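# Architecture at a glance
Listed below are the residues making up each chain.
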Amino acid sequence: YGMAPVAERPQHLSSLKVSHGALLNLAGHAAPLVAAVLVMPRLLAVLGSERFGFLALAWALVGYFSFLDLGLGRALSRIVAERLGTPREVGLARLSASTMTLSALLGVAAGLLLYACAGWLCNRVLDLPPDVAREGVPAVQILAACLPLVTLTAALRGMLEGARRFGWINAIRVPLGILTFAAPLGV
């Protein structure tokens, strides 16, 4: 029953796959949340309120820039789910490559813009104290360099979701989610 279209699968197997996928996704979101609850108080104490506030803004910035894929990841997820295991599967590789390329290019464009505006953003918009701004500008520039990966990830996740590979998605999501909170404390 591997990748047969949903309509051809026995109903009990479809229900089990949905339940299994839902539980994996719940665990994939819960583990980073637990890490955040455990790490945040210590992170605030180590960084101080100004640097912690800047880190929180950086996290929010990455979250907002994940929307730059303009829904391409979700669209790809739907198309992969509809076509996988059918005669229409033939064009999926080309369509997926095009979607990933476009997602990466959107990330590059946004990254270049953010990189160019890093000093203005930290010094004028956020009005960071000089010592925090000296650290903030390169931090924003590093985030800008990572934006193509952020947008590309949405397309890759869409492909995995469409193929119902929730185990893989969460095998990636859990460690990255935990590292999002634990790595700044380690640094």
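No experiment lies behind these values; they were computed from the predicted model shown. (Residues numbered from 1 in each chain as written. Predicted model: local features only at pLDDT ≥ 70, side-chain atom pairs only at ≥ 80, totals over all residues. Heavy atoms only, no water.)

So, about the nonpolar core. The biggest cluster of nonpolar side chains holds 15 residues, and the ones touching the most others in it are Phe54, Phe65, Leu114, Cys122, Leu128, Val140 and Leu147. Put simply, the parts of the chain that give this core at least two residues each are helix 1 (11-65), helix 3 (92-125) and helix 4 (130-162). With near-sequence residues (within four places) excluded, cysteine 122 lies in contact with Phe54, Asp127, Leu128, Gly136, Val137 and Val140. Counting six residues, the second-largest nonpolar core is a separate cluster that includes Ala36, Leu43, Phe52 and Phe181. (Core = buried A, V, L, I, M, F, W, Y, C linked by side-chain atoms within 4.5 Å. Buried < 20%, exposed > 50% of the residue type's maximum accessible area, 1.4 Å probe, protein only. Helix = DSSP H or I, 4+ residues; strand = E, 2+ residues; numbered from the N terminus. Contact = heavy atoms within 4.5 Å.)

A word on the pattern of salt bridges. Counted under the stated rule, the structure contains five salt bridges. A salt bridge links arginine 51 to aspartate 131, with the shortest nitrogen-to-oxygen separation between them at 3.5 Å. In this pair, arginine 51 sits in helix 1 while aspartate 131 sits in helix 4, placing the two residues 80 residues apart along the sequence. Arginine 51 sits in the partly exposed class, given a relative accessible area of 26%. The partner of glutamate 135 in a salt bridge is arginine 51, with the nearest N and O atoms 2.7 Å apart. Residue glutamate 135 is located in helix 4, and its partner arginine 51 is located in helix 1; the two are separated by 84 residues in the primary sequence. Judged by its relative accessible area of 43%, glutamate 135 falls in the partly exposed class. Three or more residues joined by partner-sharing salt bridges are found here, namely Arg51, Asp131 and Glu135. (Salt bridge = Lys/Arg side-chain N within 4 Å of Asp/Glu carboxyl O.)

The next thing to look at is the confidence of the model for the protein chain. Per-residue pLDDT for the protein chain has a mean of 85; in total, 90% of the residues score no lower than 70. Confidence, read as mean pLDDT per element, is least for helix 1 in the protein chain (82) and greatest for helix 3 (92). (pLDDT = per-residue confidence, 0-100.)

Before going further, it helps to spend a moment on the packing of helix 3 against helix 4. The geometry of helix 3 relative to helix 4 is characterised by a closest axis approach of 8 Å and an angle of 165° between their N-to-C directions. Judged by the inter-axis angle, helix 3 sits roughly antiparallel to helix 4. For helix 3 against helix 4, the interelement crossing comes out right-handed. The residue inventory of the contact of helix 3 with helix 4, partitioned by class, reads 19 nonpolar, 10 polar and no charged. (Axes fitted to C-alpha atoms, helices over the stretch in contact; angles between N-to-C directions. Parallel < 35°, antiparallel > 145°, perpendicular 65-115°, else oblique. Left-handed = near helix turned anticlockwise from the far one by under 90°. Nonpolar A, V, L, I, M, F, W, Y, C, P; charged D, E, K, R; others polar.)

This paragraph deals with helix 3. With 34 residues, helix 3 ought to run about 50 Å at 1.5 Å a step, yet its terminal C-alpha atoms sit only 43 Å apart, falling short of that. At cysteine 117, helix 3 shows its largest bend, some 55°. When helix 3 is considered as a whole, its buried residues turn out to be Leu92, Ser96, Thr99, Ser103, Ala104, Gly107, Ala110, Gly111, Leu114, Ala118, Leu121 and Cys122. Directly beyond the C-terminal end of helix 3, a positive phi value near 50° is found at aspartate 127. (Expected span 1.5 Å × (residues − 1). Bend = angle between axes of the 7 residues up to and from the residue.)

What follows covers the packing of aromatic side chains. This model, assessed by the stated rule, comprises two aromatic pairs. Ring plane angle 85° and centroid distance 6.4 Å describe the contact between phenylalanine 52 and tryptophan 59, whose orientation is recorded as edge-to-face. Overall, phenylalanine 52 belongs to the buried group, its relative accessible area being 17%. Between tryptophan 59 and phenylalanine 181, the aromatic rings sit 5.1 Å apart at their centres with planes inclined by 65°, giving edge-to-face as the arrangement. Taken together, the positions of tryptophan 59 in helix 1 and phenylalanine 181 in helix 5 (residues 166-186) put the pair 122 residues apart, joining distant regions of the chain. Here the aromatic cluster, defined as three or more aromatic residues joined through ring pairs, consists of Phe52, Trp59 and Phe181. (Phe/Tyr/Trp six-rings, centres within 6.5 Å; stacked < 30°, edge-to-face > 60°.)

Here helix 2 (residues 72-83) spans 16 Å end to end across 12 residues, near enough to the 16 Å set by a 1.5 Å rise per residue. Summarising the contacts, the buried residues of helix 2 are in contact with helix 3 and helix 4. One or two residues past the end of helix 2 sits glycine 85, with phi positive at roughly 80°.

Here the focus is unusual backbone geometry. The phi torsion of most residues other than glycine is negative, and most of the peptide bonds are trans. The phi dihedral of aspartate 127 falls on the positive side, at around 50°, and the residue is not glycine. By relative accessible area, which is 58% here, aspartate 127 ends up exposed. Phi is positive for arginine 164, close to 60°, though the residue is something other than glycine. A residue is classified by how much of its surface remains accessible, and arginine 164, at 26% relative accessible area, is partly exposed.

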